[in-house]
Amino acid sequence: MVSRVIPVDPFDLILFGATGDLARRKILPSLFHRYQIGQFSPESRIIGSSRSKLDRAGFQDLVAEAIREFGQAGETGDADISDFVQMLDYVPVDAKGDTGWPELKAQLRPDVIRAFYLSVGPSLFPDIASRLSSFGVTTPESRIVLEKPFGHDLASAQALNAALSSHFTEDQIYRIDHYLGKETVQNLMALRFANSLFEPLWNSTHIDHVQITVAESIGVAGRGEYYDRSGAMRDMVQNHMMQLLCLTAMEPPSKFTPNAVRDEKVKVIEALEPVSQETLARGQYRASRSTSEPDSYLDHANNPASTTESFIAIKVQVANWRWAGTPFYLRTGKCLRARESEIAVYSRDPPHNIFEGAAGVHGNVLVIRLQPDEGITLRTTIKDPGPGGMRLTAANLDMTFADSLPEAGRPQDAYERLIMDVIRGNQTLFMRGDEVEAAWAWADPIIAGWSQGAGDAPQAYDRGSSGPDDSLLLMHRDHRRWRGIGT
Ligand code: BG6
């Protein structure tokens, strides 16, 4: 098979928060995988940094352990891990003080790509950005990568953007939303803009409604403190689900370039109508006797009377010519029946039923499955085979990527693609500053609506269910139904 791996130019990647959870679970194993397939030139280096007083050998051990625990090392694993850790170095720095910065600067080479990856809480973004600049660690070509959450609301996102822009230009800033690195999310763009069949039908004349679901089976154990300040709206909707909505609803960009794509996404966010509290449903999971895990959301929140939502469903209207009259329903939650994420595009029913008396003449449903079992399904109506007259039934045209493209091999983690794009200098799959702010400008009034009201407690739902009853009612009122979760 011809290798599809395109090596990237040599780089110094400086990873702040290098001993943290995200670095160990995702970033370092992703770097290892791309090293293992031969995408790194031998002169490239990864320099870990954090407050921990580790030395190089200590960091190498930590990374090797993280890859064994969270990576997919494959058969040649241990030998490859030993080679990989030779690229690593470690410099402790104090993000809020002056120690370590001159040593970090001394480590970096002038003639290779320089990327600073801030896998730290957003409160440290301004501190690190300003010290990178005041200690002369950055160059005009350096890139800075920021993890979510990017702000807590519009004001804090604006403040972060302003703090960063004093030291970096927008084309140096890479704001990560890891959903954009998922293969199927990128496939959504391929499906829409590399095929001619779908796009002419992709509008309110033909599409009845769209359901976007990101269902998770895990709860908030271990992250209760962070999560209780965020809730599903800030943790998932303002960022990941907004990106899915944008890619589904946007106009075709003229080119597949960073600003052409991001311009179109911003237009979608700016076209969103304000959401009234009547067209959303919030839930919080409680223990259920039917599941083996006995804990409820409140067991993990700091506040025993917390009203933070672990589930939200929202009806969203994109007010433009393409989508007027076609609602988008977004739904996400923790501790649901299954981990299942998909975008389901429902076409309108046929305008006239010639099969009189035959039940089941419905519109088609195009389902883009993000995870697990990535693929695309088109629900069609066919004749029920055999005798019995013209009876109709539903049948799926089904495509899973694993079956159709077996040579693609092991599943790619979203971070792999995104980190390589940072090195390549391609911002297409990263959020621009105005995009993040527009998403907060839409989300803020919704959140303000329930944090001020008396009736702002989310409705309880059982662990392992499909969410609260209010979510079903939201659809019911529109004479529609959610697709099943885990069915
Ligand atoms: C993160 C959220 O951004 O995305 C988590 O903070 C969530 O709460 C996670 O579990 C979901 O990501 P994925 O890739 O597992 O769908």
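These remarks concern the structure in this document.

Scoring rules and cut-offs
- Residues numbered from 1 in each chain as written.
- Predicted model: local features only at pLDDT ≥ 70, side-chain atom pairs only at ≥ 80, totals over all residues.
- Heavy atoms only, no water.
- Helix = DSSP H or I, 4+ residues; strand = E, 2+ residues; numbered from the N terminus.
- Rg over C-alpha atoms; globule rule 2.2 N^0.38 Å.
- Buried < 20%, exposed > 50% of the residue type's maximum accessible area, 1.4 Å probe, protein only.
- Contact = heavy atoms within 4.5 Å.
- Areas by Shrake-Rupley, 256 points an atom, 1.4 Å probe, with all protein chains shown as cover.
- Lys, Arg positive; Asp, Glu negative; His and termini not counted.
- Charge placed at Lys NZ, Arg CZ, Asp CG, Glu CD.
- Near = heavy atom within 4 Å.
- Polar contact = N/O pair within 3.5 Å; in protein donor to acceptor, adjacent residues only side chain to side chain.
- Nonpolar A, V, L, I, M, F, W, Y, C, P; charged D, E, K, R; others polar.

1. As for the overall build of the protein
Then, number 1: Helix and strand content of the protein: 13 helices and 15 strands.
Then, number 2: A globule of 487 residues ought to have a C-alpha radius of gyration of about 23 Å, and the protein, at 24 Å, matches this closely.
Then, number 3: Counting only C-alpha atoms and orienting by the principal axes, one finds that the protein spans roughly 80 × 60 × 45 Å.
Then, number 4: Burial statistics for the protein: of 487 residues in total, 51% are counted as buried.
Then, number 5: In the protein, the proportion of contacts linking residues at least 24 apart, taken out of those at least 6 apart, comes to 76%.
Then, number 6: Just so you have it, the protein exposes about 21700 Å², and 53% of that area is on carbon and sulfur atoms.
Then, number 7: Both charge centroids of the protein, one from 50 positive and one from 63 negative side chains, sit 2 Å from each other.

2. So, the site of the ligand
Then, number 1: Around the ligand, the structure places K148, H178, Y179, K182, E216, R223, D235, M236, H240, K334, R339 and Q371.
Then, number 2: At a separation of 3.3 Å, an oxygen atom of the ligand approaches a polar side-chain atom of R339.
Then, number 3: Out of a free accessible area of 400 Å², the ligand has 82% covered by protein chains.
Then, number 4: The biggest single contributor to the shell around the ligand is helix α8 (residues 224-249), with three residues.
Then, number 5: Its residues assigned to classes, the shell around the ligand comprises two nonpolar, three polar and seven charged.

3. Considering the environment of L418
Then, number 1: The topology assignment puts L418 in helix α11 (residues 414-424).
Then, number 2: On the basis of relative accessibility, which here comes to 0%, the residue L418 falls in the buried class.
Then, number 3: The residues touching L418, leaving out its near neighbours within four places in the chain, are I176, D177, H178, L180, G181, L429 and F430.

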